[in-house]
2 protein chains.
Amino acid sequence: MAAMAGVSLSTVSRVVNGQGVDADLTANVQRAVELLGYRHNHAAGSLRRSNGLSATIGLIGEDISDPFFAAFHRGAEQVARERSVVTFAASSDGSPEYEREIIETMLGRRVDGLLLLPTGKDHSYLRRDVATGTGLVFVNRPPKTIDTDCVFTDHRGGARRAIEHLRAHGHERIAFVGPGADAGFGAAERLAGYREGMAGLEEDIVVNGDLEPLVTGPEPPTAVFSAQNLITVEVMRTLFRLGLDRIVAHVGFDDIPLRGPIAPPVTMVSHDAVALGRAAAELLFSRLDGFNGRAREVVRETTLIERGTGELQPVS
Amino acid sequence: MAAMAGVSLSTVSRVVNGQGVDADLTANVQRAVELLGYRHNHAAGSLRRSNGLSATIGLIGEDISDPFFAAFHRGAEQVARERSVVTFAASSDGSPEYEREIIETMLGRRVDGLLLLPTGKDHSYLRRDVATGTGLVFVNRPPKTIDTDCVFTDHRGGARRAIEHLRAHGHERIAFVGPGADAGFGAAERLAGYREGMAGLEEDIVVNGDLEPLVTGPEPPTAVFSAQNLITVEVMRTLFRLGLDRIVAHVGFDDIPLRGPIAPPVTMVSHDAVALGRAAAELLFSRLDGFNGRAREVVRETTLIERGTGELQPVS
DNA sequence: CTGTTAGCGCCTTCAC
DNA sequence: GTGAAGGCGCTAACAG
């Protein structure tokens, strides 16, 4: 041990942890550290340390390469970094079994907490860990089987806002293009927001697949709301191909934050995944800092970015 | 300890690690584990375990929210997962000091190896760790100050191929639009590839900023190669705005893998970041498995995806 | 301010 | 096949 090179033993520990040590001895220790290429073993430390924290948190989502998840991860990292906490990240691939496996692997690595974009339905198996002090924050899906903190994007409000925006520009026949209500919590919320926004109008128009038959049909919509990014691109293409891109109004929901500008631009309901990540991490760390109140729910608002397509007037 | 609930002590260890234990005792232990909510502490284990591995690796890049990094991360995760290895990921933000800080934090967490998309110039401080058995793979930048494995995207070959493609379609005046040669290793390589591809022609045309003066000038190029994704979008826009999008041929370099299709489509030199991540992780694990040969270099080829804009004939 | 001692949770070696 | 003892690297509590 560096004790040989220096002159002390647990003084090394104090130096490493920056506690009050004589300047000369500190220098000696540092020299020995340098010489022997010593690396502090954090894990061994937390085995004995009073708080027992590993300064590690885990993030789990369906697919870590998804730009939404990546941005979320970035936000969480920003607040973790201030505490010298490192982040694990792993993909569940949409499999509840695999999700559980990853969670247990991370728990075995003694993460201090988990930021979970859940796939499975039942997470009651986490109750014991939460009771033991492990942090847990659900993201964008409500924790049904366990009472814990969560953060949300306001999918419903964002979708409603898009519809209100179109109505403010005179539209009444507004189509919703998106996955069905069974495509997960966010999608269902967006559809619900659409319905709320359409309140008082005669007809909801919900399209699941191809938009073309509708817009070329007898009673076409004057505006379209696309509820997800890939669908937004499809709608763009379809309208462009049919020469309707300056005629039918279009607002998209920014499900996946696209990197950089897309040509041509589309009016978007955008949500800030980095901020969502920050909010989630902050919730987690407040628990680790000892906050012990009831489960909290943080809702992050969306922003509507006008880019021209959502501001077209209806053409009859 | 579960020893109380069951009947044994270090038998628990054997059960957890799946070694030969009597079926009855195994059942007893598992019941106790269930009852007490016991979680295996992996870190404590690797303190004493013969190989001493933490089953953890770290990835470090400039920005974990960058879609390229995220896809790379995904690839690495795929191969790590097969070994129940978890991945740390962190952003260096382009700061060498911060990069080093993160690396040392991860080393303190006893990662078995590092996949590094380097920012700093000097990584000689890692030599000792590599000598001690820590894996290290450089990604997309050559390890100058340390002798270690690395994986590359063939930026140079991809760019050359784009130019050859355009030449095969009859072009001779081909402009390079991109960052200068000082914008990092990849960018410099792409410029070099452009120059190689242009060999034998009269004039290299290298543009750093706005393309408009060139294409509206006296001797406009008949084709454009854009060396980076955001620049590709800019070029698309410029050509579209000037009504040249069906006249000037265009090939882009897929620096950042865009999620989903972009409208309108552009012929692209594309590289597979997931495969790059897999390759890097495979190099790392082969070292951890005991491979001890010389430093290897893996080069991943790019693919040219024809989408129409790169196949336009020159118009004089 | 520094050294000593004990023990975190686990795995290994050795006896049985 | 199983139990007992020792120690991985570190920090806490105590004594000096």
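Residues numbered from 1 in each chain as written. Chains lettered and ligands numbered in written order. Predicted model: local features only at pLDDT ≥ 70, side-chain atom pairs only at ≥ 80, totals over all residues. Heavy atoms only, no water.

Chain A is annotated in an unreviewed UniProt entry as LacI family transcriptional regulator of Solirubrobacter phytolaccae.

Draft legend 1. Here's a closer look at helix α9 (residues 185–197) of chain B. Residues and elements named next belong to chain B. Over its 13 residues, α9 runs 18 Å from end to end, which matches the ideal 18 Å to within 8%, given 1.5 Å per residue. Turning to α9, its buried residues are G186, A187, E189, R190, L191, G193, Y194 and G197. Check the buried side of α9 and you find it contacts α8 (155–168), β6 (174–177), β7 (205–207) and β9 (249–254). (Helix = DSSP H or I, 4+ residues; strand = E, 2+ residues; numbered from the N terminus. Expected span 1.5 Å × (residues − 1). Buried < 20%, exposed > 50% of the residue type's maximum accessible area, 1.4 Å probe, protein only. Contact = heavy atoms within 4.5 Å.)

Draft legend 2. Structural detail: the packing of helix α8 (residues 155–168) of chain A against helix α9 (residues 185–197) of chain A. Residue and element names in this part refer to chain A. Running from amino to carboxyl end, α8 crosses α9 at an angle of 35°, the nearest separation of the two axes being 7 Å. For the pair α8 and α9, the sense of crossing is right-handed. Facing α8, whose interface residues are H155, R156, A159, R160, I163 and R167, α9 presents G186, E189, R190, A192, G193, Y194, E196 and G197. Looking at side-chain class alone, the contact of α8 with α9 contains four nonpolar, four polar and six charged residues. (Axes fitted to C-alpha atoms, helices over the stretch in contact; angles between N-to-C directions. Left-handed = near helix turned anticlockwise from the far one by under 90°. Nonpolar A, V, L, I, M, F, W, Y, C, P; charged D, E, K, R; others polar.)

Draft legend 3. Local environment of the relation of the copies chain A and chain B. After a rotation of 180° and a shift along the axis of 0.0 Å, chain A superposes on chain B with an RMSD of 0.2 Å. Seen this way, the second copy is the image of the first under a two-fold rotation axis. Residue A:F88, judged by its C-alpha, is the member of chain A lying nearest the rotation axis, at 2.3 Å. (Least-squares fit on C-alpha atoms with pLDDT ≥ 70 in both.)

Draft legend 4. Local environment of the protein's contact with DNA strand C. Contacts to DNA strand C come from 24 residues, most closely from A:S8, A:T11, A:R14, A:D22 and B:S13. Sugar and phosphate atoms form 58% of the subset of DNA strand C atoms that lie within 4 Å of the protein. Contacts to DNA strand C include A:S10, whose side-chain N or O atom sits 3.3 Å from a base oxygen. B:N41 is positioned such that a nitrogen or oxygen atom in its backbone is 2.9 Å from a phosphate oxygen of DNA strand C. Mapped by element, the contributors of at least two residues to the surface near DNA strand C are α2 (10–16) and α4 (42–48) of chain A together with α2 (10–16) and α4 (42–48) of chain B. Among the residues making up the surface near DNA strand C, the classes are represented as eight nonpolar, ten polar and six charged. (Near = heavy atom within 4 Å. Polar contact = N/O pair within 3.5 Å; in protein donor to acceptor, adjacent residues only side chain to side chain.)

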